[in-house]
Number of protein chains: 2
Amino acid sequence: MTFEHELEQKHHRAEEILKRYGVFKDVSYQKTVMEAMEYSLFAGGKRLRPILLSETFQMFHGQGNVDEPFMAAMEMIHTYSLVHDDLPAMDNDEYRRGKKTTHAVYGEDMAILTGDALLNRAFETAGLAFDMAEDASLRNVTRAMQILSEKAGIYGMVGGQVFDVEAENKAVPLTEEQLLFIYRLKTSALIEASLMIGATLAGAKEESVSLLETVGRNVGIAFQIRDDILDVTSTQEVLGKPIGSDERNHKTTFVTLKGLAGAEADVKAYTAKAQEALANLPCESAFLKRLIDSLTDRIK
Amino acid sequence: MTFEHELEQKHHRAEEILKRYGVFKDVSYQKTVMEAMEYSLFAGGKRLRPILLSETFQMFHGQGNVDEPFMAAMEMIHTYSLVHDDLPAMDNDEYRRGKKTTHAVYGEDMAILTGDALLNRAFETAGLAFDMAEDASLRNVTRAMQILSEKAGIYGMVGGQVFDVEAENKAVPLTEEQLLFIYRLKTSALIEASLMIGATLAGAKEESVSLLETVGRNVGIAFQIRDDILDVTSTQEVLGKPIGSDERNHKTTFVTLKGLAGAEADVKAYTAKAQEALANLPCESAFLKRLIDSLTDRIK
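This write-up is about the structure you can find in this document. Not measured: the values here are computed from a predicted model.

### Here's the deal with the overall build of chain A
(1) Moving on: Check the secondary structure of chain A and you find 15 helices and two strands.
(2) Moving on: Against the compact-globule benchmark of 19 Å for 300 residues, chain A has a radius of gyration of 19 Å, which places it among compact chains.
(3) Moving on: Along the first, second and third principal axes, the C-alpha atoms of chain A reach 55 × 50 × 35 Å.
(4) Moving on: For chain A, the proportion of its 300 residues judged to be buried stands at 59%.
(5) Moving on: When contacts within chain A are restricted to residue pairs at least 6 apart in sequence, long-range pairs at least 24 apart make up 73% of them.

Set out below in structure tokens:
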């Protein structure tokens, strides 16, 4: 099976699992927000985080399907962050992936509540895994829940979001260290969480989980620097969104800090660090190895 | 000890616990949002939900202090809901309890993220309780976490919020059943959760937890109808906020539906239902009994 075919199969499975947990059957007066949640969740997306989570679960020989609620939860958290990020008071985006954003369709008040509801629903969904676990493995699930909340929170994703917004408001150039702080929290944190949670649920040892954190951190940073590069080198046709937006918004990026060649060298360096940590794990996944390269090497 | 003195002591303890979990020591570039979180959390408040939670934990002879992270978590969820509720796109309130609201001080974007961060932090904080529990009682903590997420979510508080916002946007009068739906979800849900979580953490039986849900449901509804009444009968001096706002906003309330006498009779009826369920529990709390009356009988 080719990598592309395997990725497609895994994407399909992630989509099915998300449908199982992210579609509402029990509808009452909350109809509108449930529609808005589904609209936001199923507006497309690579389902990267659920795929990563499931991959390390299998890599460490996880039993049962305790990973599935967490796969859905991870995508709900990613989605809520996009819904709130697009709000008029934030990035004020009318379109994402060629579709109207949630507030553009449902109004600003409903979009705020949709984000809140998705974040809350993530923990509600992950909490279903408690009932799927035997007593002997319950600690794996509670640890996974802790990782989820830590990496999504103020020392994780939201923390990065906050500093990013503040830096934009101030319109002062950032240092490389500050930019790395944003990339590490805003982008790496959920990738780290996905890799760590899958392994944790499978009962992997602390050292392995810690190595996966290193993998995720470096993949996230490389991914984000690649974003900086594509904003300069790609075209609107390939990327599906206007290029040159960083320059128009006077954003500090790795390209503004180090030039194109410097940024390209950094992508390679962070990717190599990720691959090195991955290679130090006691189990292997050819798919994961390949997936990391495809993320940092991507052309869109 | 008088009831008032006991309430003050419990309020003090709740405040201390909230300080332990809701003040950030490890500050980096997220400084502003951490300040905003603390500003929102310590802007005053009755700390009703943490007090209720701790009360049923003690009532069912809970051991240790596994209730404490949940007390803080409950107040964080309550606080995030106020921060988002006050936003310009929602109720657009500049003041709450005589203090500037979070967005009035920190800006709209920061207030959205502060709410997100508080909601996430609630689950992060409650998750600390996993490490405080012995294996034998870990299921109590995971069940408590499930209750927290269910009652705060789309079938709980957020669900009520959503329908409330939608009803206001449409400006169509509500039926009593619709109004009860809003009160039950928007107000009762977190009160139910507080009472249920305390007992669950202490290892109370399912029937007791279910009775406490009934207590919370009826207390929340009675509390909210009392709100409707005070908006008509009180004064700005006593209430600390302008009265008559429901009429100005053309809101359906129990007073518009059933008149003052009818609303007063309903408060009594829902309070009686709450007290009846409380009396059916296997353990007693004179304080809780008295607290419920003070909530539904209050003059501000």
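Text resumes after the structure shown.
### Points about the interface of chain A and chain B
(1) Moving on: Of the residues lining the interface, 56 residues belong to chain A; the matching set on chain B comes to 56 residues.
(2) Moving on: Together chain A and chain B conceal approximately 5000 Å² of surface at their shared face, both sides included; 63% is due to carbon and sulfur atoms.
(3) Moving on: Contact with chain B buries area across many residues of chain A, yet Tyr29(A), Arg139(A) and Tyr155(A) alone supply 16% of it, more than any other trio.
(4) Moving on: The tally of links from chain A across to chain B stands at two salt bridges.
(5) Moving on: Between Arg139(B) and Asp135(A) there is a salt bridge; the shortest N-O distance is 2.9 Å.
(6) Moving on: Taken together, chain A and chain B are joined by 22 residue pairs in polar contact (both at pLDDT 80 or more).

### Observations regarding the pattern of salt bridges
All names here are of chain A.
(1) Moving on: Tallied over the entire structure, the rule returns 49 salt bridges over all chains.
(2) Moving on: We note a salt bridge from Arg13 to Asp67, for which the minimum N-O separation is 3.5 Å. Highlighted residues: Arg13 in helix H1 (residues 3-22) and Asp67 in helix H4 (residues 67-85), separated in sequence by 54 residues.
(3) Moving on: When its relative accessible area of 28% is taken as the criterion, Arg13 is described as partly exposed.
(4) Moving on: Across the salt bridge formed by Asp164 and Lys251, the nearest N and O atoms sit 4.0 Å from each other. Taken as a pair, Asp164 in helix H9 (residues 157-170) and Lys251 in the loop between helix H13 (245-248) and helix H14 (254-279) lie far apart in primary sequence, 87 residues in all.
(5) Moving on: A residue is classified by how much of its surface remains accessible, and Asp164, at 10% relative accessible area, is buried.
(6) Moving on: A relative accessible area of 26% places Lys251 in the partly exposed class.

### Re the packing of helix H9 (residues 157-170) of chain B against helix H10 (residues 176-201) of chain B
Residues and elements named next belong to chain B.
(1) Moving on: Between H9 and H10, the shortest axis-to-axis distance is 7 Å and the interhelical angle comes to 140°. Classified by the angle their axes make, H9 and H10 are oblique. H9 and H10 meet at a crossing whose hand is left-handed. Side by side, H9 and H10 meet where Met157, Gly159, Gly160, Gln161, Phe163 and Asp164 of the first sit next to Gln178, Phe181, Ile182, Leu185, Lys186, Ala189 and Leu190 of the second.

Definitions and limits used
- Once a new chain begins, its residue numbering starts again from 1 and follows that chain's sequence as written.
- Chains and ligands are labelled by the order in which they are written, letters from A for the one and numbers from 1 for the other.
- Totals for whole chains, interfaces and linings use all residues, but because this is a predicted model, local features are given only for residues with pLDDT of at least 70 and pairs of side-chain atoms are given and counted only at 80 or more.
- Hydrogens and water are ignored here; the side-chain numbers use all heavy atoms of the structure.
- Strands here are runs of E lasting at least two residues and helices are runs of H or I lasting at least four, both read from the DSSP assignment and numbered beginning at the N terminus.
- The globule rule is 2.2 Å times the number of residues to the power 0.38, and the radius of gyration it is compared with is taken over C-alpha atoms.
- Exposure classes here rest on a 1.4 Å probe applied to the protein chains alone. A residue is buried below 20% of its type maximum, exposed above 50%, and partly exposed in between.
- Contacts were defined at the residue level, with two residues in contact if any of their heavy atoms lie within 4.5 Å.
- Summed over both partners, the accessible area lost on bringing two parts together, with a 1.4 Å probe, is the buried area.
- Salt bridges, as used here, are contacts in which a Lys or Arg side-chain nitrogen is within 4 Å of a carboxyl oxygen on Asp or Glu.
- As used in this structure description, the phrase polar contact means that two N or O atoms lie within 3.5 Å; if the pair is within protein, one of them must be able to donate a hydrogen and the other to accept it, and residues adjacent in sequence are counted only when both atoms belong to side chains.
- Every axis corresponds to a line fitted to the C-alpha atoms, with the helix fit spanning only the stretch in contact, and the corresponding angles, defined between N-to-C directions, vary from 0 to 180 degrees.
- Should an angle lie under 35 degrees it is considered roughly parallel, over 145 roughly antiparallel, and from 65 to 115 roughly perpendicular; all remaining angles are considered oblique.
- Note on convention: the crossing is left-handed when the near helix lies turned anticlockwise from the far helix by less than a right angle, right-handed when the turn is clockwise.

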